Amino acid sequence: MASLRYLHLDVFAATLGGGNHLGVVIGADGWSDQAMQRFARWTALVETTFLLPPTDPKASYRVRIFTPYKEIPFAGHPSIGSAHAVLACGLAETRDGLLWQECGAGVLPIRVEGNGPGRELLLQSPGERVLDTGPAAHPLLPAALSGIELGTLPPALVDGGRRWWLAEVADEASLRAWQPDHAAIGALAQASDSMGLCAFARSGHPGYQLVVRALPSGVGIVEDPASGAANGLIAAYIVHAEPHGTLARGYQVSQGREIGHDARLIVRIDDTSIWVGGRSHTVVDGTLEWDPQG
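Predicted model, so just to flag it, every value in this text is computed and none were measured.

> I'd like to hear about the pairing of strand β2 (residues 20-26), residue by residue, with values.
Counting buried positions along β2 yields 6 of 7 residues, so the element is predominantly enclosed. Summarising the sheet, strand β1 (residues 2-11) and β2 pair through 7 bridges and their orientation is antiparallel. Paired with L7 across the two strands is V24, which belongs to β2. Pairing of β2 with strand β3 (residues 48-52), which is carried by 4 bridges, proceeds in the parallel orientation. Bridge assignment links I26 to a residue of β3, and that residue is L51.

> Outline the environment of F66, listing residues and values.
Turning to its location among the elements, F66 is positioned in strand β4 (residues 61-66). Residues F66 and F39 lie 27 residues apart in sequence; the distance between their C-alpha atoms is 9.3 Å. In this view, F66 contacts D33, M36, Q37, A40, V46, E47, T48, F50 and E71; residues no more than four positions away in its chain are not counted.

> Account for the pattern of salt bridges, with residues named and values stated.
This model, assessed by the stated rule, comprises 16 salt bridges. R249 serves as the salt-bridge partner of D271, at 3.4 Å between the closest nitrogen and oxygen. Of the two residues, D271 sits in the loop between β15 (263-269) and β16 (274-278) while R249 sits in the loop between α6 (228-241) and β14 (250-255), which places them 22 residues apart along the sequence. For the residue pair D271 and R249, the accessibility class agrees, reading exposed in each case. Beyond isolated ion pairs, a larger network of salt bridges with shared partners links D33, R64 and E71.

> I'd like a rundown of the state of the cysteines, residues and numbers included.
Summed over all chains, the structure comprises 0 disulfides. Between C89, a cysteine without a disulfide, and C103, which holds the nearest cysteine sulfur, the sulfur-to-sulfur distance is 19 Å. With relative accessibility at 11%, the residue C103 sits in the buried group.

> Give a detailed account of the packing of aromatic side chains, specifying residues and quantitative values.
Summed over all chains, the structure comprises 8 aromatic pairs. Judged by centre distance (4.9 Å) and plane angle (75°), the ring pair of F39 and W290 falls under edge-to-face. Of this pair, F39 sits in helix α1 (residues 33-43) while W290 sits in strand β17 (residues 280-290), placing them 251 residues apart in sequence. There is no split in this pair, since F39 and W290 are both buried. Every member of this aromatic cluster is reached through a ring pair, and the members are Y6, W31, F39, W42, F50, F66 and W290. Across from the ring centre of W100, 4.1 Å away, lies the NZ or CZ of K58, which sits over that ring.

> Run through a nonpolar patch on the surface, naming residues and quoting values.
Where nonpolar side chains cluster on the molecular surface, the patch consists of L16, V283 and V284 and spans about 300 Å² of accessible area. Relative to the elements of secondary structure, L16 occurs in the loop between β1 and β2. A relative accessible area of 70% places L16 in the exposed class.

Here is what the cut-offs are and how they apply
Residues numbered from 1 in each chain as written. Predicted model: local features only at pLDDT ≥ 70, side-chain atom pairs only at ≥ 80, totals over all residues. Heavy atoms only, no water. Buried < 20%, exposed > 50% of the residue type's maximum accessible area, 1.4 Å probe, protein only. Helix = DSSP H or I, 4+ residues; strand = E, 2+ residues; numbered from the N terminus. Pairing = 2+ DSSP bridges. Contact = heavy atoms within 4.5 Å. Salt bridge = Lys/Arg side-chain N within 4 Å of Asp/Glu carboxyl O. Disulfide = S-S within 2.5 Å. Phe/Tyr/Trp six-rings, centres within 6.5 Å; stacked < 30°, edge-to-face > 60°. Lys NZ or Arg CZ within 6 Å of the ring centre and 35° of its normal. Patch = residues over 30% accessible without salt bridge, like charges linked within 9 Å, V, L, I, M, F, W, Y side chains within 5 Å. Areas by Shrake-Rupley, 256 points an atom, 1.4 Å probe, with all protein chains shown as cover.

Pasting the structure below:
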């Protein structure tokens, strides 16, 4: 029976309990792929990560990310949460204000700003490509968008580590009240090999400038309370479409209230990079008793 350190985190939370759950296992260096997958299936969390020594000399640490069904190369909130765990457990120190995360998508920088409960961690998006745009970009897209009035930017299929359909909605109230057709979104996701649909609307609220709803029906999730990678794609699309617009240098995001959460994400955009992040909180810090041989 292996005795390891285990953290349960609240990632991107604007208020305690408002973010996205993440389980982090520390010290499972000798676990097989099958053992990691079995534990991730048992947690039943959207993602569980395993912190390991790096194999790349540039990296501060290595992370493996598992859903209950498979390992994935990259995701936003598991990356931010894992970096939080690295700092909380003293597993690595920053170099010039950065941690370097080794994962399936390569070695990615994570910017560390501040200390303690107010610390912000921001992940550099791994690169994005706009693949197609317009309401007619896919024959199943109109059904997936049923019930909402579109905003300024046309719908788009964007790829960047994970592939999403993006759609701007006319206003915040309409987006928050929308009752999505999850079956139609799932059909679109399966037909286009994408995560699903991520809808967003601009807001005049003083605390955030964008509202986001992420509907990853392609991987069997009804709605995601806080989506780092998807928000990176939205930022890339906004910069691509409106390089001189009011959001082109960054903004804050509200996500998850429609499903009882309250997440806050920060988007920072400079001349060459998009950074997405926020705060994480350790809710449980304990000992994991688990037999990796099963």
